[in-house]
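Observations on the model geometry
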Amino acid sequence: MDNDNQSVSSAYFPSNPILFRFTFLFIVLFTLLFNNGTLILLNPQPLLKIDALLVSANWVANHIFQDDRTITYGFGGSGDTSFHWYTLFIVLMLSLIGTLVWSIFAKGTKNYNTLYYWLTVIVRYYIGLMMIQYGIAKLYQSQFPFPFHLTLVSPLYNMHPMTLAWTFFGASYGYNIFIGIVEVLGVLLLFRKTATLGALITLATSLNVMAINYFYNVPVKMVSTALVLFCLFLLAPNIQRLFAFLCQGKSTSLVSFPNLNITSKNRQDFNY
């Protein structure tokens, strides 16, 4: 399977400018606010999460969803607290409003190659850095530590599904090493030429993580789902080509990730 250097993925996605505007706004906001501390420099938690977002989340809860509770910023995971779900709703609404305003003032602009390039960079680094962080945690067995004595002597029927899963994973240091290495391979996403391979590996890994989170009730469902969807976003321009190669045995070539080469010769091809 060859790499088609004459094509760029921006020629395939997005074909609809309105869809791109919404996708761009939603992904940028999501990566800023839901990154598990991976993007520390881009995560102004004291200002956004505890102040503005907390006030906004309470307003949304009280006035839109008729939830009379006082919403607080929870540290019990990265997606299952009320604060996180209301924040996701806020991100969705801001993306829709932003898309409407952007479309009104876009003045017919339909070519977003440059923004698409930066969006792929944001997604690649978001996934890659997060996978590296989780992979290193497993290599040091800090995420899945060896079960404590009290856990080992506890009846299985008393265990929360997450505790049962963590006990199972932590009992094998070899598994931690294996899955840690696979997740650290997210480093492939940091480089454009290896990003497709990195997205394929990370998609398989993220699907497994997402399944564990859903079926063992692990409170990281939102971010793990986002990792799967973001991997599909990166692979979207090559989905049909990968299907043809893997399932139909056809010879094909991959579409390259966009490369930002703005020169006097091709500057007109990149519009904001």
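Residues numbered from 1 in each chain as written. Predicted model: local features only at pLDDT ≥ 70, side-chain atom pairs only at ≥ 80, totals over all residues. Heavy atoms only, no water.

Some words on the confidence of the model for the chain
Predicted coordinates in regions of low pLDDT should not be interpreted in detail. Under the convention used in this document: pLDDT measures the predictor's confidence residue by residue and takes values from 0 up to 100. Labels follow the DSSP assignment, with helices taken as runs of H or I lasting at least four residues and strands as runs of E lasting at least two, numbered in each case from the N terminus. Residue contacts follow a heavy-atom distance rule, with two residues in contact if any of their heavy atoms lie within 4.5 Å.
Considering every residue of the chain, the mean pLDDT works out to 83; 82% of them sit at 70 or more. Considering each helix and strand of the chain separately, the mean pLDDT is smallest for strand E1 (residues 2-8), with a value of 48, and largest for helix H8 (residues 195-215), with 95. Between residues 262-272, whose pLDDT stays under 50, and residues either more than four places distant or in other chains, the model counts 22 contacts.

Focus on the nonpolar core
Our working rule: Among buried residues, those of type Ala, Val, Leu, Ile, Met, Phe, Trp, Tyr and Cys that are joined through side-chain atoms within 4.5 Å constitute a nonpolar core. Each residue is assigned to one of three classes by its accessible area relative to the maximum for its type, calculated with a 1.4 Å probe on protein chains only: buried under 20%, partly exposed between the two thresholds, exposed over 50%.
Among the nonpolar cores identified, the biggest contains 53 residues, and Phe-20, Phe-30, Phe-34, Tyr-126, Ile-127, Phe-230 and Leu-234 are the most heavily contacted of them. Contributing elements (two or more residues each) for this core: helix H1 (17-33), helix H2 (45-63), helix H3 (82-105), helix H4 (113-139), helix H6 (161-170), H8 and helix H9 (221-235). Look past the residues within four positions of Phe-230 in its chain and what remains in contact with it is Ile-27, Phe-30, Thr-31, Val-123, Tyr-126 and Ile-127.

Quick word on unusual backbone geometry
For Gln-141, which is not glycine, the phi torsion reads 55 degrees and is therefore positive. The residue Gln-141 is located in the loop between H4 and helix H5 (149-152) in this model. According to the relative accessible area criterion, Gln-141 is buried, its value standing at 16%. Of note in this structure, Asn-217 is not a glycine but carries a positive phi near 55 degrees. Residue placement: Asn-217 occurs in the loop between H8 and H9.

Side note on the packing of aromatic side chains
Put simply, the test is: Paired rings are identified among Phe, Tyr and Trp, the last through its six-membered ring, by centres lying within 6.5 Å, and are further divided according to the angle between planes into stacked (under 30 degrees), edge-to-face (over 60) and tilted (the rest).
In total, this model carries 18 aromatic pairs according to the counting rule given. Arranged with centres 5.2 Å apart and planes meeting at 15 degrees, the rings of Phe-169 and Tyr-175 form a pair that is stacked. Here the aromatic residues Phe-22, Phe-26, Phe-30, Phe-34, Tyr-126 and Phe-230 are joined through ring pairs into a cluster of three or more.

Describing the packing of H1 against H9
Note the cut-off: To get an axis, fit a line to the C-alpha atoms, keeping to the stretch in contact for a helix; angles then go from 0 to 180 degrees between the N-to-C directions. Angles below 35 degrees are treated as roughly parallel, those above 145 as roughly antiparallel, those between 65 and 115 as roughly perpendicular, and all remaining angles as oblique. Put simply, a crossing is left-handed when the front helix is turned counterclockwise from the back one by less than a right angle, and right-handed when it is turned clockwise. Note on residue categories: nonpolar means Ala, Val, Leu, Ile, Met, Phe, Trp, Tyr, Cys or Pro, charged means Asp, Glu, Lys or Arg, and polar means any other residue, Gly included.
Where H1 meets H9, the closest approach of the two axes is 12 Å, and the angle between their N-to-C directions is 140 degrees. It follows from the interaxial angle that H1 and H9 lie oblique. Between H1 and H9 the crossing geometry is left-handed. Side by side, H1 and H9 meet where Thr-23, Ile-27, Phe-30 and Thr-31 of the first sit next to Met-222, Ala-226, Phe-230 and Phe-233 of the second. Here the residues of the contact of H1 with H9 sort into six nonpolar, two polar and no charged.

Some details on the packing of H1 against H3
Viewed as axis vectors pointing N to C, H1 and H3 meet at an angle of 145 degrees, and their least axial separation amounts to 9 Å. Both H1 and H3 take part in a crossing whose hand is right-handed. In this structure, H1 contributes Ile-18, Phe-20, Arg-21, Phe-22, Phe-24, Leu-25, Phe-26, Leu-29, Phe-30 and Leu-33 to the contact, and H3 contributes Thr-87, Leu-88, Val-91, Leu-92, Leu-94, Ser-95, Leu-96, Gly-98, Thr-99, Trp-102 and Ser-103. In terms of residue class, the contact of H1 with H3 is made up of 15 nonpolar, five polar and one charged.

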